[in-house]
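Chain residues, written in single-letter form:
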Amino acid sequence: MNRIRRAVATVGVTSALALVAAACAPYDTTTESVIEPVGADASVRGTITYRERIALSPGAVVTVQLRDTSYADAAAVLITEQVISNPGQVPIDFDLRYASDEIDDRNTYSVSAVITEGDGRMAFTNDTAYDVITRGNPRRVDMTLVMVEPPPELAPEGWSPTDPERVEAPVHVTSAEMLWEGTTSSGSDGYLRINFAISREDGCYHIGREDVTRDGNRYDVTVTAFVPAPLPWAQDCSDRDLELDAIVHLGEIASGESLHVTVNNQHDYSFTAP
């Protein structure tokens, strides 16, 4: 089955989203502890954020480290570390100072970050490697962390960190049209183009399924996406400001035949083959 995804138009203006009301003002008691090598004369800078709508408590601690990650079979050597207590809300700035003469251009260096909450929970960490400094990598990185464990008061009964991060859901269909190919006097190949709207926010949309079943001249088409699970801290994806399309092959349709198409059990369309 053919699968096509492409951006075709914007259908709105992206609005700025706050994590929570508490995120509007930082704490006034931010403190830092830095393990900095002697002779530090350079730095890796950047920001730390996450997508979930959860505010950090005043007891949160952010630990950012620069390590030599050149060897998969050996412990990554710590180069420098910055610990930020009471960081306020994301995005959180960091500045890792290091001694440039301790850097080997042949090696690989990576930045990692962990946010630990006041109750001792590892709340967020990175699951993506952020390589820096050598091998053409930058000295500034904007890190997006993933949630490890939510606040206990928000976690639904039975929740565990191994639960799936995404669920399958029907896409938000805006329109549909037929495309005809190889038209002859006997018939045409029919392709249904389904336009649907999503949020352009990173993490709000992953390609799902495209299925079609036929009963005579009636077609049932399903187009889904994998989206954040509907949990209390879920990323807000309600601002559908990007339109995509999916093209589904319905098969050969006889010339002049009328067909009725239902998309996601919600939208009904009728077409006639040329």
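Parameters and conventions
Residues numbered from 1 in each chain as written. Predicted model: local features only at pLDDT ≥ 70, side-chain atom pairs only at ≥ 80, totals over all residues. Heavy atoms only, no water. Helix = DSSP H or I, 4+ residues; strand = E, 2+ residues; numbered from the N terminus. Buried < 20%, exposed > 50% of the residue type's maximum accessible area, 1.4 Å probe, protein only. Contact = heavy atoms within 4.5 Å. Areas by Shrake-Rupley, 256 points an atom, 1.4 Å probe, with all protein chains shown as cover. Salt bridge = Lys/Arg side-chain N within 4 Å of Asp/Glu carboxyl O. Core = buried A, V, L, I, M, F, W, Y, C linked by side-chain atoms within 4.5 Å. Phe/Tyr/Trp six-rings, centres within 6.5 Å; stacked < 30°, edge-to-face > 60°.

Engineer: Just give me the short version of the overall build of the protein, but keep the residues and values in it.
Structural biologist: For the protein, the count of helices and strands is zero helices and 18 strands. Within the span of the protein, comprising 274 residues, buried residues form 40% of the whole. Look at the contacts in the protein between residues 6 or more apart in sequence, and 71% of them connect residues 24 or more apart. Surface summary for the protein: the accessible area is close to 14,400 Å², and the carbon and sulfur share equals 49%.

Engineer: Tell me about unusual backbone geometry, and please be specific about residues and values.
Structural biologist: Following Val90, the chain continues to Pro91 via a peptide bond in cis, the omega torsion being 0 degrees. Along the polypeptide, Pro91 turns up in the loop between strand S5 (77–85) and strand S6 (92–98). Non-glycine residue Asn264 carries a positive phi angle of around 55 degrees. Mapped onto the fold, Asn264 is located in the loop between strand S17 (258–263) and strand S18 (267–272). The phi dihedral of Asn265 is positive, around 60 degrees, even though this residue is not glycine.

Engineer: Describe the pattern of salt bridges, with residues and values.
Structural biologist: Scanning all chains against the criterion turns up 10 salt bridges. The residue Arg45 makes a salt bridge to Asp95 at a minimum N-O spacing of 3.5 Å. Taken together, the residues Arg45 in strand S3 (residues 42–50) and Asp95 in strand S6 connect sequence positions 50 residues apart. By relative accessible area, Asp95 is classed as partly exposed at 26%. The partner of Arg140 in a salt bridge is Asp142, with the nearest N and O atoms 3.2 Å apart. Its relative accessible area of 47% is what places Arg140 among the partly exposed residues. The class of Asp142 is partly exposed, set by a relative accessible area of 47%. Members of the salt-bridge network, linked through shared partners, are Glu168, Arg209 and Asp211.

Engineer: With reference to specific residues and values, describe the nonpolar core.
Structural biologist: Formed by 32 residues in total, the largest nonpolar core has its most connected members in Ile48, Leu66, Phe94, Val111 and Met143. Contributions of two or more residues to this core are made by S3, strand S4 (61–68), S5, S6, strand S7 (109–116), strand S8 (122–125), strand S9 (130–132) and strand S10 (140–147). Setting aside anything within four residues of it in sequence, one finds Leu66 in contact with Val77, Leu78, Ile79, Thr80, Leu96, Tyr98, Tyr109, Ser110, Val111, Val132 and Ile133. Met178, Val221, Leu244 and Val248 belong to the second largest nonpolar core, which has 25 residues in total.

Engineer: Hey, could you go over the packing of aromatic side chains for me, with residue numbers and the actual values?
Structural biologist: Applying the stated rule across the entire model yields four aromatic pairs. With a centroid separation of 3.8 Å and 10 degrees between ring planes, the pair formed by Tyr50 and Phe124 is classed as stacked. Taken together, the residues Tyr50 in strand S3 and Phe124 in strand S8 connect sequence positions 74 residues apart. The two residues Tyr50 and Phe124 agree in class, both being buried. An angle of 45 degrees between the planes, with centres 6.0 Å apart, marks the rings of Phe196 and Tyr205 as tilted. Taken as a pair, Phe196 and Tyr205 share a single burial class, namely buried.

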